Amino acid sequence: MTSVGARRVATGASRSRRRTPKPIEVRHRTIVSPHQLNSKWGRRVYWLVLVTVIAVFTLAFVFPLYWMITGAMKTPEEIAEMPPSLFPADPTLDAFVEAWDLFDIGTLLANTGYYALGAWLFSMAVDVTAAYALSKLRPMFGGVILGAMLATLMIPPMVILIPLYVTIVDLGLLNNAWGLWFPAAANGFNIFLLKRFFDSIPRELIEAAQIDGAGPLRILWSVVLPVSRPILGVVSIFTIVTAFKDFVLPLLVMTDSEKMTISVGLSQTAGAVTQNQVMGGLVIASIPMIIVFFIFQRHIMAGLTAGSIKG
C-alpha cells in the first residue's frame, strides 16, 4: 500500500507539472523596446522628440496666422522691409478699421453667410436622405451606388469645374445663389460619414418604430435624426466651412460686386489697397471660422469617431 500510494503521489506530481502553463513570450516589434524607453536616457530622449515634434507642427500651423495678424498692425513701409521683422515696431489697429470700410466687409460677410446657410440646408436635405436610404432602406445596387459616390472623391475638383460652370450658365444661374447651392447639395464624403453612423444605430430601434406603424420618413425624423446629432453637427460644420472658404466657383458664378463672397471680394480689391489693409481684411474674414472651430472642436472629433465601432 505504501508503494502504491507513493506511486500515485508521484503520478499526480508529474501531471501537475505537465499542466503548468508555460510563460508566454512577449516580443516587442518596435524601434525602441520598453526596457530602453523606461531607462533614464530613454525617457529623456522620448520627451525631447515628443516636445520637438509638437512644437514644430504647432509653429507650422500657427505662424501664418500670427504673421497675418502682426502684418495688419505694421505700416506698409515696415511690411516691405528686408529682412522682415517678427514684431511690429509701433503696432496699430487702424488697418482693421480701414479694411472694413474699403472692402465693405459687412456686405461680403452677409453674402457669404447667406450662401453658406443655403448650402447647409440643401446639403442636409440631400446627404441625410441619401445616407439613410443606403443604410436602412437597403435599395437594390446600394453598394454600387455608394461606390460611385465615393469614386467622385477621387476626381480633382478642377477637372469638373468647366462642365459645372457650363451647366450653371445653361441653366441661367449666373449671379444667382442657386448656382452655388445646387453644387453643394450632394457630397460623397458627407454621405459616407452619415451612412457609417446610421449603420451603427441598432436595428431594434427601427423595428420597434415599424411595429408602431411608423413609415420610413417618420422613422428618419423621429428615430434616426435625434440620435445622430454628433455626426449631423460634424457634417454641418464641414459644409459651412467649405461654403465659407470656397473661392473658384463663387469667382465664376458671382460676378456682380454686390453679390460676391468674402474671399472673392478681398481678392478683387486687394490690388487697390495697401498690404497691411489686405492683411487686416484677411484677419477679419478669418474670425468667424476660428470662432466656429473653437466652439465645435470637441463635436468634430466626437462625430468623426462616433460611428467607427459597432456594438
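Residues numbered from 1 in each chain as written. Predicted model: local features only at pLDDT ≥ 70, side-chain atom pairs only at ≥ 80, totals over all residues. Heavy atoms only, no water.

Trainee: Explanation requested: the overall build of the protein in the structure shown.
Mentor: The number of helices and strands found in the protein is 16 helices and zero strands. Here the protein holds 311 residues, and 30% of them are scored as buried. In the protein, the proportion of contacts linking residues at least 24 apart, taken out of those at least 6 apart, comes to 73%. Counting every atom, the protein has about 20,400 Å² of accessible surface; 69% of that belongs to carbon and sulfur. (Helix = DSSP H or I, 4+ residues; strand = E, 2+ residues; numbered from the N terminus. Buried < 20%, exposed > 50% of the residue type's maximum accessible area, 1.4 Å probe, protein only. Contact = heavy atoms within 4.5 Å. Areas by Shrake-Rupley, 256 points an atom, 1.4 Å probe, with all protein chains shown as cover.)

Trainee: Is there a simple way to explain the side chain of Ser123 in this structure?
Mentor: Of note, Ser123 is situated in helix 6 (residues 105-137). For Ser123, a relative accessible area of 0% puts it in the buried group. Not counting chain neighbours up to four residues away, the residues in contact with Ser123 comprise Val128, Ala184, Ala185, Asn190 and Thr239.

Trainee: Sorry, what's going on with a negative patch on the surface here?
Mentor: Negative charge collects at one region of the surface, where Asp94, Glu98, Asp101, Asp104, Asp256 and Glu258 lie side by side. Tracing the chain through its elements places Asp94 in helix 5 (residues 94-102). Overall, the relative accessible area of 48% leaves Asp94 in the partly exposed class. (Patch = residues over 30% accessible without salt bridge, like charges linked within 9 Å, V, L, I, M, F, W, Y side chains within 5 Å. Salt bridge = Lys/Arg side-chain N within 4 Å of Asp/Glu carboxyl O. Lys, Arg positive; Asp, Glu negative; His and termini not counted. Charge placed at Lys NZ, Arg CZ, Asp CG, Glu CD.)

Trainee: Sorry, what's going on with the pattern of salt bridges here?
Mentor: If charged atoms from side chains of opposite charge come close, those side chains can pair. This model, assessed by the stated rule, comprises one salt bridge. Across the pair Lys195 and Asp199 runs a salt bridge whose closest N-O atoms are separated by 2.9 Å. One end of the pair, Lys195, and the other, Asp199, are both in helix 10 (residues 188-199), four residues apart, so they sit about a helical turn from each other. The residues Lys195 and Asp199 share a single accessibility class, namely buried.

Trainee: Whenever I open this one, helix 6 confuses me. Can you help?
Mentor: Along an α-helix, residues three or four positions apart point the same way, because every turn accommodates 3.6 residues. Taking 1.5 Å per residue as the helical rise, helix 6 with its 33 residues ought to reach 48 Å, and the 46 Å between its terminal C-alpha atoms agrees with that figure. Arg138, located one to two residues past helix 6, shows a positive phi value of around 50°. (Expected span 1.5 Å × (residues − 1).)

Trainee: Is there a simple way to explain the environment of Ala130 in this structure?
Mentor: Within the fold, Ala130 resides in helix 6. In this structure, the C-alpha to C-alpha distance between Ala130 and Ala186, residues 56 residues apart in sequence, is 9.0 Å.

Trainee: What is the right way to look at the packing of helix 6 against helix 9 (residues 178-185) in this model?
Mentor: Any two packed helices are characterised by how steeply their axes cross, that is the angle between the axes, and by the distance between the axes. Interhelical geometry of helix 6 versus helix 9 gives an angle of 35° and a closest axis separation of 8 Å. Our pair here, helix 6 against helix 9, has a crossing hand that is right-handed. Counting all contacts with helix 6, which are made through Tyr114, Tyr115, Gly118, Ala119, Phe122, Ser123, Val126 and Asp127, the residues of helix 9 involved are Trp178, Leu180, Trp181, Phe182, Ala184 and Ala185. Within the contact of helix 6 with helix 9, the residues separate by chemical class into 11 nonpolar, two polar and one charged. (Axes fitted to C-alpha atoms, helices over the stretch in contact; angles between N-to-C directions. Left-handed = near helix turned anticlockwise from the far one by under 90°. Nonpolar A, V, L, I, M, F, W, Y, C, P; charged D, E, K, R; others polar.)

Trainee: Is there a simple way to think about the side chain of Ser85 in this case?
Mentor: Along the chain, the position of Ser85 falls in the loop between helix 4 (76-79) and helix 5. Reaching out from Ser85, the side chain makes a polar contact with the backbone oxygen of Phe87 at a distance of 3.5 Å. Sequence-distant contacts of Ser85, that is, excluding residues within four places in its chain, are made with Trp67, Lys74 and Glu78. (Polar contact = N/O pair within 3.5 Å; in protein donor to acceptor, adjacent residues only side chain to side chain.)

Trainee: Sorry, what's going on with the packing of aromatic side chains here?
Mentor: The geometry of two aromatic rings is summed up by the distance between their centres and the angle between their planes. Counted under the stated rule, the structure contains 11 aromatic pairs. Taking the centre distance of 5.8 Å and the plane angle of 50° together, the rings of Tyr114 and Tyr115 count as tilted. With relative accessibility at 48%, the residue Tyr114 sits in the partly exposed group. An aromatic cluster of at least three residues, connected via ring pairs, comprises Tyr114, Tyr115, Phe122, Trp178, Trp181 and Phe182. Looking at Lys74, its charged tip hangs above the ring of Trp67, at a distance of 4.5 Å from the centre. (Phe/Tyr/Trp six-rings, centres within 6.5 Å; stacked < 30°, edge-to-face > 60°. Lys NZ or Arg CZ within 6 Å of the ring centre and 35° of its normal.)

Trainee: Hey, could you run me through a nonpolar patch on the surface in this one?
Mentor: A grouping of Val45, Val49, Val53, Val56, Phe57, Phe61 and Val62 is seen on the molecular surface, where their side chains present a nonpolar patch of about 680 Å² in accessible area. With relative accessibility at 66%, the residue Phe61 sits in the exposed group.

Trainee: I keep staring at the nonpolar core and nothing clicks. Help me out?
Mentor: The tendency in soluble globular proteins is for nonpolar side chains to be buried side by side. Ranked by internal contacts, the top residues of the largest apolar core, which has 24 residues, are Val128, Leu194, Phe198, Ile219, Val224 and Ile231. The element that contributes the greatest number of residues to this core is helix 6, accounting for six residues. (Core = buried A, V, L, I, M, F, W, Y, C linked by side-chain atoms within 4.5 Å.)

Trainee: Hey, could you run me through unusual backbone geometry in this one?
Mentor: Following Met82, the chain continues to Pro83 via a peptide bond in cis, the omega torsion being 0°. One can find Pro83 in the loop between helix 4 and helix 5. The residue Asp104 is not glycine, and still its phi comes out positive at about 55°. Accessibility expressed as a relative area gives 39% for Asp104, which makes it partly exposed. In this model, Phe141 sits at a positive phi of 60°, which is unusual for a non-glycine residue. Inspection of the secondary structure assignment puts Phe141 in the loop between helix 6 and helix 7 (142-151). Judged by its relative accessible area of 59%, Phe141 falls in the exposed class.

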